[in-house]
Amino acid sequence: MIRDQEGLTALLEEVRGWVREVAIPAEDTVEARDEVPEELVEDMRRRGYFGWSIPEQYGGAGLTCEELVLGAMELSQAATAFRARVGTNTGIGSEALVADGTEEQKNRYLPALARGEITGCFALTEPEAGSDATALTTSARRDGDHYVLNGTKCYITNAPIAGLFTVMARTDPDNRTAGGISAFLVEAGTPGLSVGAAYKKMGQAGSPVSEVYFEDCRVPAANLIGGVEGQGFATAMKVLNKQRLHLSALCTGPAMRMRDEALAHASQRRQFGRPVAEFQLVQAMIADMQTEIHAARALILETARKRDAGGDVKLDASMCKYFASEMCGRVADRAVQIFGGAGYVADYSCIERLYRDVRLFRLYEGTSQIHQLNIAKLTLRQAS
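What counts, and at which threshold
Residues numbered from 1 in each chain as written. Predicted model: local features only at pLDDT ≥ 70, side-chain atom pairs only at ≥ 80, totals over all residues. Heavy atoms only, no water. Helix = DSSP H or I, 4+ residues; strand = E, 2+ residues; numbered from the N terminus. Rg over C-alpha atoms; globule rule 2.2 N^0.38 Å. Buried < 20%, exposed > 50% of the residue type's maximum accessible area, 1.4 Å probe, protein only. Contact = heavy atoms within 4.5 Å. pLDDT = per-residue confidence, 0-100. Phe/Tyr/Trp six-rings, centres within 6.5 Å; stacked < 30°, edge-to-face > 60°.

Draft legend 1. Region of the structure containing the overall build of the protein. Of regular secondary structure, the protein possesses 13 helices and 9 strands. Relative to its length of 384 residues, the protein is compact, with a C-alpha radius of gyration of 21 Å against a globular reference of 21 Å. Taken along its principal axes, the extent of the C-alpha atoms in the protein is 80 × 55 × 40 Å. In the protein, which comprises 384 residues, the proportion classed as buried is 55%.

Now the structure itself:
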């Protein structure tokens, strides 16, 4: 649903200009420093990028799902670090609060998240609980007007710089199912909460990811999301259903960038006396890129409109994430092929970096294999 076409067009044009004039020229700096420079983070704060999906009454832009994915496709055409820096606040770092938080919790935290004053993160995955999220062992024991958390989380995006952690923990040790899990808001600096050093990763330089540790971490009972135990897994699924759709758009933006880079290179690079774009086998790769990007975009927009209309998008969001992330990987591979040696050497193009960056898309927010199982399960359920 687009509420104001003129306003949305202006936003998308502004983001498009910022990506090309500010973010892309800074990509080498981000790669070298392994961080987004603070002056660019502050620029994103001023432009309201941190609050895109946070409701207007809490200081955000209140973008609908359709508006959000269109914005994400533009912002994600720069290096992954830029969208990751704001992405937890516009996605998994705030969505649990938006979906199920109490009014007091929303008023306390959402305005700061919308302004980018604090960075949110979503702490679900554990060393033995990834695809099987219900296997988590982080515990939360009630002790008076507090809960005491113990456990370890891993692969948590933005954890090293986070000011607010949305944490899934087991409040009922006798219930090993989803019903024993609750969701908590834990502020950085809370005694017993610590964060590991940022991982050294294959790609996505500038986007810090690390482990999170809870050792007798005392969290006020008022920070139990929604004020109800046993609802944490349901909250997590609400977050992930929207985030999978959001991430699908964030996979499509880099694919568009790589397509455009490949088109420019193929038009300029000459072999056998003519541009390589004139060779039919190169044209076949360009055709496949263009077709798959358009298919992903159409599926994402259709699903976003369905969600905005109140429809159940569990199956649709899973299909979006599966298709868009796999599509992006195929586009990246074709881009390297079209660039040839220049696509493999970092000195000559951005394709080498993008190829590494987008590999992660097929792993987080549900691996491709988990989405295949989920899509099949939900399709069979519908058929029966």
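Draft legend 2. Local environment of the side chain of asparagine 374. With respect to the secondary-structure elements, asparagine 374 resides in helix H13 (residues 368–383). Owing to a relative accessible area of 17%, asparagine 374 belongs among the buried residues under this scheme. Those residues within four positions of asparagine 374 in sequence are excluded, and the remaining contacts are Lys314 and Ser318.

Draft legend 3. Representation of the confidence of the model for the protein in the model. Mean pLDDT over the protein stands at 95; residues scoring 70 or higher make up 100%. Mean pLDDT per element in the protein: helix H6 (residues 95–100) is the minimum at 91, and helix H9 (residues 280–308) is the maximum at 98.

Draft legend 4. A look at the packing of aromatic side chains. Summed over all chains, the structure comprises 7 aromatic pairs. Between tyrosine 155 and tyrosine 199 the ring centres are 5.7 Å apart and the planes differ by 50 degrees, which places this aromatic pair in the tilted class. Here the residue tyrosine 155 occupies a position in strand E3 (residues 146–157), and tyrosine 199 occupies one in the loop between strand E6 (193–195) and strand E7 (209–220), the gap between them amounting to 44 residues. Three or more aromatic residues joined by ring pairs make a cluster, and in this case those are Trp18, Tyr49, Trp52 and Phe82.

Draft legend 5. Focus on the environment of threonine 235. Tracing the backbone through its elements, the reader meets threonine 235 in helix H8 (residues 232–268). Its relative accessible area of 2% is what places threonine 235 among the buried residues. In this structure threonine 235 touches Ala96 and Asp100, once residues within four positions along its chain are discounted.

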